[in-house]
Amino acid sequence: MCLAIPGKITSISGDDPLMRIGKVDFGGILKDVSLAYVPEAQLGDYVIVHVGFALSRVDEAEAQQVFQYLREMEELSELEESRAGVPPAPSAPSPPALVPPSR
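An account of the accompanying structure is given in this report. (Residues numbered from 1 in each chain as written. Predicted model: local features only at pLDDT ≥ 70, side-chain atom pairs only at ≥ 80, totals over all residues. Heavy atoms only, no water.)

## Details of the nonpolar core
Note the cut-off: Note on terminology: a nonpolar core comprises buried Ala, Val, Leu, Ile, Met, Phe, Trp, Tyr and Cys residues joined through side-chain atoms within 4.5 Å. Between buried and exposed lies partly exposed: a residue is buried under 20% and exposed over 50% of the maximum accessible area for its type, with that area taken using a 1.4 Å probe on protein chains only. Throughout, a contact is declared for two residues whenever any of their heavy atoms are within 4.5 Å.
Among the nonpolar cores identified, the biggest contains ten residues, and these are Ile 9, Val 24, Phe 26, Val 33, Leu 35, Val 38, Ala 41, Val 47, Val 49 and Ala 54. If we skip the residues at most four places from it in the chain, Val 49 touches Leu 3, Ala 4, Ile 5, Phe 26, Val 33 and Ala 54. Tyr 46, Ile 48, Val 58 and Ala 63 belong to the second-largest nonpolar core, a separate cluster that totals five residues.

## As for the side chain of Arg 20
Our working rule: In this description a helix means any DSSP run of H or I spanning at least four residues, a strand means any run of E spanning at least two, and both kinds are numbered starting from the N terminus. We score Asp and Glu as negative and Lys and Arg as positive, and we do not count His or the chain ends. Between Lys or Arg on one side and Asp or Glu on the other, a salt bridge is scored when a side-chain nitrogen of the former is within 4 Å of a carboxyl oxygen of the latter. Distance and chemistry together define a polar contact, namely a pair of N or O atoms within 3.5 Å, with one atom able to donate a hydrogen and the other to accept it when in protein, and with adjacent residues in sequence counting only for side-chain atoms on both sides.
Locating Arg 20 in the fold gives a position in the loop between β1 (5-13) and β2 (21-26). It turns out Arg 20 is buried and unbridged, and the closest side chain with the opposite charge, Asp 45, is 7.3 Å from it. In this structure the side chain of Arg 20 is engaged in a polar contact, spanning 2.8 Å, whose partner is the backbone oxygen of Pro 39. Beyond its immediate sequence surroundings of up to four residues, Arg 20 is in contact with Ile 12, Ser 13, Gly 14, Val 33, Ser 34, Leu 35, Ala 36, Pro 39 and Ala 41.

## Notes on unusual backbone geometry
With phi around 40 degrees, Val 51 is a residue other than glycine that occupies positive phi space. Note on placement: Val 51 falls in the loop between β4 (46-50) and β5 (53-58).

## Let's talk about the pattern of salt bridges
For the coordinates displayed, the defined rule picks out two salt bridges. A salt bridge links Asp 32 to Lys 23, with the nearest nitrogen and oxygen atoms 3.1 Å apart. The class of Asp 32 is exposed, set by a relative accessible area of 51%.

This is how it looks when you write it as structure tokens:
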């Protein structure tokens with residue numbers, strides 16, 4: 001499965017539309033991203049990025065919603081990891097077998 005992540009353009013370098021590179025902030029992690037597919041992207045815009053290429057612009061509200069989903073996914077994975085070392089709860093004891101009375 002492939003995942004595209006939103007990020008905010010914090011700087012842009014290059015004049016040639018095919019060679020423009022944006023410094024993109026992914027929640028505190030900065031990466032260089034090709035802006036060749038989004039020549040209209042400007043400083044401060046949010047873009048969806050996949051394998052180092054900005055694919056489209058998105059509004060800030062949509063980007064923030066994706067960030068929230070990613071935080072929730074991280075919390076779920078942390079919960080699952082924390083349960084990994086916990087043994088399963090003991091099962092209830094079996095009721096005694098019924099033995100027919102002897103005659």
